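Observations on the three-dimensional arrangement
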Amino acid sequence: MQAGHFFARNISLNAANPAMKIKPLALLFAITPGLAGAAEIPLLEEILVTAPRNHLPPLSATLLPHAAIERSRASTSDTASLLRDIPGVSLYGAGGVSSLPSIHGLADDRLRIKLDGMDLIASCPNHMNPVLSYIDPSNLETLEVYAGIAPVSSGGDAIGGTILAESRAPEFAAPGQQSITKGEVGAFYRSNNQARGANVSATHATDRFSISYSGAGSQADNYTAGDDFKTYDFTGRIGHTLPRDEVGSTAYETRNHALRLALKNDNHLFEARLGYQDMPFQLYPNQRMDMLDNTQKSLNLRHQGRYDWGKLETRIYHEQVDHFMDFGADKRFWYGTDSGGSTALDGSPCAPIGTTCAAGMPMYTEGKTTGVIVKADIPLTSKDRLRVGGEVQQYRLDDWWPPSGAGMWPGTFWNINDGERDRAALFGEWQSRQHTDWMTLLGARVEQVKMNAGEVVGYNPANMMSNQARDAAAFNARDRRKTDNNLDLTALARYTADANLDIEFGFAHKERSPNVYERYTWSTWQMAALMNNFVGDGNGYLGDIDLKPEKSNKIAATFNWHADDNAWTFKVTPHYAEVSDYIDAVQWNAATNLPAAPATDSFSVLKYVNQSARIYGIDLSGQMPLATTDWGAFALNGLLNYTKGKNRDTGDGLYNIMPLNAKLALTHKQAGWDNSIEWLLVTAKDDVSDMRNEIKTPGYGLVNLRGSHAWKRVRVDFGVENLFDKFYYLPTGGAYAGQGTTMTNPALPNYPQWGTAVPGMGRSIYAGLNVKF
């Protein structure tokens, strides 16, 4: 794991001032028994943001402001990794810029993740293009996370928390003043994987009109672990080998562009944002395939108006994604008997393409998302506020695999044909402060999700060995139209016990409908099923048209002790949730098309099913100043996260639950200097999902050193991650499939074989420079 340099803020109300004070996250405790390692939470200056007293986010909400993001971007190109220092958040390992955030063990489509207000969807059978992969850290203004009880106004169709990512807001010249022209250029380098990149932004604005551009590009080679973790060198490609400490398929290259136009007229703001991503490749160490092209185009139109009765916001957005996958440079490309057959360590080039020779396995996905959001914020009285709104979204998905030879011949395999997922929602939320010591929030959201998919066909309908004809016929004979009517409810209360303690407790009922791949992937054929996998565990997955929406009932509380001036803070958030119709998976027998006994120590094919789950845990965070001397200000920050997840039907562990982990940082500030030494501590992962043959990982500890200096227009960041070059496995990084014969589950001596987790990154030295003009 490449530990980033991340910062988070706690949000609390100053009882003597009707403004919000945003303070740094911080720590709590000394070393926890059984942990060893490194944390990353530098002490940050206080930020004061004025806001009405009765318009407060939950105590469990955490804001990552732009100042914190600036300190982090030299050490990571993965925007999701900026969330690592937020209580309750962990990351599923994926591509170099596409980690999947997890809140209290719930990730991916179970979270509501919005980018500049747009509700976007990953269009890929491996979810290689998640929402946060479409914005570079250099263009990010803020990240806000609702990890406890998420208000219904923050989004629906999710049972976990909410993550709101915002790019830089439009800037205007002061009224009556001359226009402004400004910009920024930057570059970075990281030693372990030779990651390098640059960013540029420019703005020109009058007091009524603003235009700005931001662009960023980054690329990296494979990274190396702290030690050897393989006993083989081959990749499946003749003449190409990898050192035994090199983590195959971790290279990437990406380019992002954004153009923003804004017009301000009295109390109205009109804004248009155009986004474009060109990602030539992003390889995956825990998937059978690699992304070899991803093009995204987005248009985001917004109007915000302030009226005597309140504020109204309207947003219209559209996104188109064209996605292509095949085997990357570290995975076998040639298949079939003419290439050497399944036992060959390296596939030999062959011709002609046909029943005995296959050239890769091309896979195409096209996704289109269009949405409209209208919401109003209405102060009813000095003590009451009403938020109401509505949303509609239309999503279309096609996923097809052209013939490439051997078993993938002679026709096109339609994984998803004319997939549809349409949402319509209405919500209302009432926030009240009837007493100076109490604030309450009540919300309800009703949502309808309509889904459908067209008929499918396999590569070869006459091939009885792979059940393509049987499975397609059964799928096509079904009524595939589904309509779900979902309901979200939230109730939250905050009590200010005294000047040093705030208490918040709440309940949330949340519902989420299955995504298109969970409902409409249809083939039991092992090779096809292996290509449908969101979680990187090496298994194949089969959908179920009859899946029901997940329904979560969650209770959570937050106790926030703090100094009168927030010089020290200590926050505790216990949480407990039960999920009915939780979408888990069972072992599936392709021959009988029925459930089977779980496989042991091997990859397998599973089918999504509704079961039930229980998830509970606790988040701790805090900070404390140590001393202020002539040498600067010293402080101690940190956090601890514990989450436990169980399948209530089987008693099995839930997949990819981060084990007990803690972070601790000693920070130093002096003038423009901001330095820290950090420890990250993670216990062994022994509680795993047996059904998915999840791999156990040992505990570890890492040490990071970080420094930065900021002048008025120049900023320099530098540091060393994993200072002692520690070898470790990523607890939520999935199974290693970064090289070899990945199309199938090969017999020895071929790889990947079950049992190797994806290792984290070894020592890496980084540096970044940004100049404003």
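Here, every reference points to the structure presented above.
In this report, we go over the structure that sits alongside the text. Within each chain, residue numbers correspond to sequence positions counted from 1 in written order. Whole-chain, interface and lining totals are the exception, using all residues; otherwise, since this is a predicted model, local features are given only for residues with pLDDT of at least 70 and side-chain atom pairs are given and counted only at 80 or more. Side-chain figures throughout are based on the complete set of non-hydrogen atoms in the structure, without hydrogens or water.

Numbering of helices and strands starts at the N terminus; helices are DSSP runs of H or I of at least 4 residues and strands are runs of E of at least 2. When helices and strands are tallied, the protein shows four helices and 38 strands. On C-alpha atoms alone, the protein measures out to a radius of gyration of 26 Å, which is about the 28 Å that the 2.2 N^0.38 rule sets for 773 residues. Taken along the three principal axes of its C-alpha coordinates, the protein extends 75 × 55 × 55 Å. The contact rule is simple, with two residues in contact once any of their heavy atoms fall within 4.5 Å. Contacts spanning at least 24 positions in sequence make up 73% of the contacts within the protein whose residues lie at least 6 apart. We compute the radius of gyration from the C-alpha atoms alone; for a globule the expected value is 2.2 Å times N to the 0.38, where N is the number of residues.

Here we take up the pairing of strand β12 (residues 162-167). Type-normalised accessible area, obtained with a 1.4 Å probe on protein chains alone, sets the label of each residue: buried when under 20%, exposed when over 50%, and partly exposed for intermediate values. Along β12, five of the six residues are buried, which leaves the element largely enclosed by surrounding structure. A pair of strands is labelled paired if DSSP reports no fewer than 2 bridges between them. Pairing geometry for strand β9 (residues 112-115) and β12, over four bridges, is parallel. Opposite L115, over in β12, you have A165 as the bridge partner. In this structure, strand β11 (residues 140-146) lies alongside β12, joined through six bridges in antiparallel fashion. Among the inter-strand pairings, E144 is bridged to a residue of β12, identified as L164.

Throughout, a disulfide means two cysteine sulfur atoms within 2.5 Å of one another. Scanning all chains against the criterion turns up one disulfide. At a sulfur-sulfur separation of 2.0 Å, the disulfide partner of C350 is C357. Taking the sign of the S-S torsion, 90° for the link of C350 and C357, the bridge is right-handed. Relative accessible area serves as the criterion here: at 12%, C350 is assigned to the buried category. Its relative accessible area of 0% is what places C357 among the buried residues.

With five of its seven residues buried, β11 lies for the most part within the structure. When strand β5 (residues 61-64) meets β11, the two strands line up antiparallel, connected through four bridges. When the bridges of β11 are listed, T62 appears paired with V145.

Turning our attention to the nonpolar core. Remark: nonpolar core denotes a set of buried residues (Ala, Val, Leu, Ile, Met, Phe, Trp, Tyr, Cys) joined through side-chain atoms within 4.5 Å. The biggest cluster of nonpolar side chains holds 57 residues, and the ones touching the most others in it are M361, W401, Y459, Y520, M527, M531 and M743. Those elements that provide at least two residues to this core are β23 (384-401), β24 (413-435), β25 (438-452), α2 (468-477), α3 (516-520), α4 (526-530), β30 (569-589) and β32 (605-629). Counting 36 residues, the second-largest nonpolar core is a separate cluster that includes L82, L83, Y582 and A613.

Let's shift gears to the sheet that holds strand β8 (residues 106-107). What the three strands build is an open sheet, ordered β6-β7-β8; its pairing is antiparallel. The open sheet has two free edges, formed respectively by β6 (89-92) and β8, since each of these has just one partner strand. Looking at chain direction, β6 and strand β7 (residues 100-103) are connected through four bridges and run antiparallel. Paired with V89 across the two strands is I103, which belongs to β7.

For T142, the position within the fold is in strand β11. Taking the C-alpha atoms as reference points, T142 and M451, 309 residues apart in sequence, are found 33 Å from one another. Residues in contact with T142, not counting those within four places in the same chain, are L63, L64, P65, H66, I69, L164, A165 and E166.

It is possible for side chains bearing opposite charge to pair when their charged atoms get close. Counted as salt bridges are all cases of a side-chain nitrogen of Lys or Arg within 4 Å of a carboxyl oxygen of Asp or Glu. If you walk through the whole model with that rule in mind, you get 49 salt bridges. In this structure, the salt-bridge partner of R470 is D471, at a minimum N-O distance of 2.9 Å. D471 sits in the buried class, given a relative accessible area of 4%. The salt bridge partner of R512 is E518, with a shortest N-O separation of 3.3 Å. Here R512 falls in the buried class, since its relative accessible area comes to 2%. Connected through shared salt-bridge partners, R112, K114, D119, D157, E391, R421, R423, R445 and E447 make up one network.

Here we come to the environment of D346. For D346, the location among the structural elements is in the loop between β20 (334-335) and β21 (358-359). Spatially, the C-alpha atoms of D346 and G740 are 7.7 Å apart, while their sequence positions differ by 394 residues. For D346, the residues in contact, after removing those within four places along its chain, are F234, T235, G236, R237, I238 and S339. A distance of 2.9 Å separates the side chain of D346 from the backbone nitrogen of G236, its partner in a polar contact. Pairing of N or O atoms within 3.5 Å defines a polar contact, subject to two protein rules: one partner must be a possible hydrogen donor and the other a possible acceptor, and residues neighboring in sequence count only if both atoms are side-chain atoms.

Centre distance within 6.5 Å is the pairing criterion for rings of Phe, Tyr and Trp, where only the six-membered ring of Trp is used; planes under 30 degrees apart are then read as stacked, over 60 as edge-to-face, and the remainder as tilted. A complete count under the given rule lists 26 aromatic pairs for this structure. Judged by centre distance (6.4 Å) and plane angle (80°), the rings of W673 and F718 are edge-to-face. Taken together, the positions of W673 in strand β35 (residues 673-682) and F718 in strand β37 (residues 714-721) put the pair 45 residues apart, joining distant regions of the chain. On the basis of relative accessible area, W673 is assigned to the partly exposed category, the value being 37%. Exposure remark for F718: the relative accessible area of 35% places this residue in the partly exposed category. Each residue in the set W401, F413, Y459, W522 and W525 is aromatic and connected to the rest through ring pairs, giving one cluster. Sitting above the plane of the F603 ring, R288 keeps its charged end 5.0 Å from the centroid. The side chain of R332 reaches across the aromatic face of Y335, ending 4.7 Å from its centre. A ring is considered to have a charge above it if a Lys NZ or an Arg CZ atom is located within 6 Å of its centre and within 35 degrees of its normal.

A few words on the environment of G183. In this structure, G183 sits in strand β13 (residues 180-190). In this structure the C-alpha to C-alpha distance between G183 and Y213, which are 30 residues apart in sequence, comes to 9.1 Å.

With that out of the way, let us pick up unusual backbone geometry. The amide bond that connects A351 to the next residue, P352, takes the cis arrangement and shows omega of -5°. Positive phi, normally seen in glycine, also occurs at Q194, with a value near 50°. By secondary structure assignment, the location of Q194 is in the loop between β13 and β14 (195-205). Relative accessible area serves as the criterion here: at 31%, Q194 is assigned to the partly exposed category.

Once that is clear, we can look at α2. Buried residues of α2: Q468, D471, A472, F475 and N476, and no others. In a view along the axis of α2, the buried residues occupy a sector of 125°, so they form one face of it. Of the surrounding secondary structure, the elements contacted by the buried residues of α2 are β24 and α3. The directions considered for the arc are those from the helix axis to the C-beta atoms.

Once that is clear, we can look at the side chain of S689. Position of S689 relative to the elements: it lies in the loop between β35 and β36 (700-710). When its relative accessible area of 2% is taken as the criterion, S689 is described as buried. There is a polar contact of 3.4 Å between the side chain of S689 and the backbone nitrogen of R692. With residues near it in sequence (within four places) discarded, S689 still touches D652, G653, L654, Y655 and E694.

Moving on, we get to the side chain of S99. By the element assignment, S99 lies in the loop between β6 and β7. Polar side-chain contacts of S99 include one of 2.5 Å to the side chain of D78.

This is a description of form; function is not addressed.
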